[in-house]
Structure formats: structure tokens, C-alpha cells
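Given next are the chains, with one letter for each unit.
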Amino acid sequence: MSIGIVGAGAVGSAIGAALARAGIEARMLNRRGPAAMGPLASMLAPQVTAGTRDEVLGADLVFVAVPWTRLGEALGGVDWTGRVVVDCTNALEGPSFRQVGLDGLTSSEAFAQFVPGARVVKALNHLLPHLLAGDPRAEGGRRVLFMAGDDADAKAQLGGIIDRIGFYRIDLGNLREGGRMMEFPGGPFPGLNLVVFD
Ligand SMILES: NC(=O)c1ccc[n+]([C@@H]2O[C@H](COP(=O)([O-])OP(=O)(O)OC[C@H]3O[C@@H](n4cnc5c(N)ncnc54)[C@H](OP(=O)(O)O)[C@@H]3O)[C@@H](O)[C@H]2O)c1
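Rules behind the numbers
Every chain is numbered independently, its residues counted from 1 as its sequence is written. Only residues with pLDDT of at least 70 are given local features in this predicted model, and only at 80 or more are side-chain atom pairs given and counted; all residues enter the totals for whole chains, interfaces and linings. Just so you know, side-chain values use all the structure's heavy atoms and leave hydrogens and water out. Counting from the N terminus, the helices are the DSSP runs of H or I reaching at least four residues and the strands are the DSSP runs of E reaching at least two. Each helix should span, by expectation, one fewer than its residue count multiplied by 1.5 Å. As used in this structure description, the phrase polar contact means that two N or O atoms lie within 3.5 Å; if the pair is within protein, one of them must be able to donate a hydrogen and the other to accept it, and residues adjacent in sequence are counted only when both atoms belong to side chains. Residue contacts are defined here by distance: any two heavy atoms, one from each residue, within 4.5 Å place the two residues in contact.

**Some points on unusual backbone geometry**
Point 1. With an omega of 5 degrees, the peptide bond running from A45 to P46 counts as cis.
Point 2. Of note, the bond from F184 into P185 is cis; its omega dihedral lies within 30 degrees of zero at 0 degrees.
Point 3. Mapped onto the elements, P185 comes out in the loop between α8 (175-182) and β11 (195-196).
Point 4. Its identity as a non-glycine residue notwithstanding, F97 has a phi of 60 degrees, on the positive side.

Shown next as C-alpha cells:
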């Protein structure tokens with residue numbers, strides 16, 4: 001399975017770090033080009049490296065970690081049919097952190113409109129980036145990651161990755177109800193650092 005990461009900021013680089021530590025290969029994309037990634041690219045190499053837009057957005061499974069207001073330009077003009085897209089975003093506007101109007105949709109339902117035909121799973125947005133990047137066993141158990149989506153196979157693919165990077169996964173159900181619980185602002189789970197001792 002090829003993996004792309006769109007966004008190389010706080011969340012994208014944390015995802016990259018988690019994958020690289022587990023020896024999982026991925027290609028990462030930012031807006032300003034590989035040179036602007038600075039030391040990040042060498043820190044995550046050889047598992048996670050900068051990729052072209054086609055490589056990253058054409059991957060079998062794509063993590064999306066860009067600001068909400070950049071989704072259109074970041075994801076436009078791509079055939080998403082059947083591919084797994086992981087929504088790691090929060091529906092917030094720029095530096096004001098004001099919630100984006102969603103016309104009654106949950107944020108992941110609105111997100112899905114940017115990737116028509118994709119199998120969207122919401123995940124990896126509830127933890128602070130340093131906890132996502134850090135050792136999930138640091139507190140003696142396994143740190144929890146949630147996911148929600150309507151496609152069982154897409155969740156199984158992401159679930160396999162969550163297992164490999166060492167987190168404890170909890171499936172919150174479908175995109176509408178499960179995704180709502182992960183929304184920031186509004187949902188009960190964002191910001192919680194939950195650990196399962198099993
Ligand atoms: N930070 C958090 O605590 C946190 C936690 C959970 C969820 N989130 C959500 O995760 C998303 C990313 O947040 P962040 O804090 O990681 O943001 P960030 O640090 O500002 O990084 C954003 C990244 O997106 C890239 N980008 C912007 N436009 C792009 C485009 N058109 N094509 C490709 N890449 C593009 C930027 O590229 P350049 O580097 O070239 O500018 C940058 O690498 C947001 O939706 C945010 O709400 C954030």
C-alpha cells in the first residue's frame with residue numbers, strides 16, 4: 001500500500017514521525033516545496049521523504065493535514081475514486097481559530113466534498129501533535145487513537161497502520177456520528193490523552 005501525507009506542519013510531520021519510527025514508507029507534500037521542509041526531510045528519511053504532488057495525492061491511502069482553508073487548492077483536480085483518505089483536519093479558519101460554517105454537516109462530511117468518491121476516515125486529529133509523534137507506550141500502556149468512517153475496509157487499512165505504529169485504536173462508528181465525537185471544537189475527545197493498559 002502506498003501512503004501519502006499532505007501537509008508537513010505540526011500534524012503532518014507528527015504522522016511522518018510515527019510512520020518512520022515503525023519503518024513504514026510514505027511520501028510527504030507541503031505547499032512551498034521540499035526545500036521548505038528544512039531538516040524534517042532528513043529526520044524522517046529514508047522511510048518518509050518528500051514526494052511530488054502526483055505521488056502523494058495518487059497514493060492508495062492519503063493522510064490530509066493542511067489548514068481547512070487550504071483544502072480546495074491542496075486536494076483539487078485529483079481522481080479520488082475508491083481511495084482511502086484520512087481526514088486529520090479541524091474545520092477552523094486561519095489564525096482566528098473561528099469555526100468554519102458547515103451548513104449542518106459534520107466537519108468530515110464537509111471534508112468529504114473535497115475528495116469526491118474517496119473512502120473518508122476521520123482520525124488522528126484529537127491528539128496534540130507531540131503526543132502523536134511520540135512513543136505511544138510512553139506512559140506504560142498504549143495511547144489511544146480514534147477513527148470513524150463509513151467504509152469497513154478503509155477503516156481496516158487505517159487500523160492496520162495504527163496497530164503498526166503502536167497505538168490502541170478505537171472505532172467510533174460511522175463518519176457522521178463517530179466523526180462528530182472527534183470534532184474540534186465541539187466533540188468530547190479532542191485534546192484527551194487516553195491510555196489503555198491491556
Ligand atoms: N496543530 C494542532 O494541534 C492540530 C491538532 C489536530 C488537528 N489539527 C488540524 O490539522 C491540520 C494541519 O494543522 P497543522 O497544525 O499541522 O498546520 P501547520 O503546522 O500550519 O501546517 C500546515 C501544512 O500544510 C501545508 N499546506 C498548506 N497548503 C498546502 C497545499 N495547497 N498543498 C500542500 N500542502 C499545503 C503547509 O505547507 P508549507 O509548510 O509549505 O507552508 C504546511 O506544511 C489543520 O486542519 C488543523 O486544524 C491541528
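**So, helix α7 (residues 152-164)**
Point 1. Look at α7: 18 Å from first C-alpha to last across 13 residues, which is about the 18 Å you get at 1.5 Å a residue.
Point 2. For α7, the N-terminal cap is D151; the gap from its side-chain oxygen to the backbone nitrogen of D153 is 3.0 Å.
Point 3. G166 sits one or two residues past α7 and shows a positive phi near 95 degrees.

**As for the environment of F111**
Point 1. Counting through the fold element by element, F111 comes out in helix α5 (residues 107-112).
Point 2. Distance from F111 to V11, taken between C-alpha atoms, is 17 Å for residues 100 residues apart in sequence.
Point 3. Residues in contact with F111, not counting those within four places in the same chain, are V64, W68, L71, L75, V85, D87, T89 and V120.

No statement about biological role is implied by the geometric values presented.
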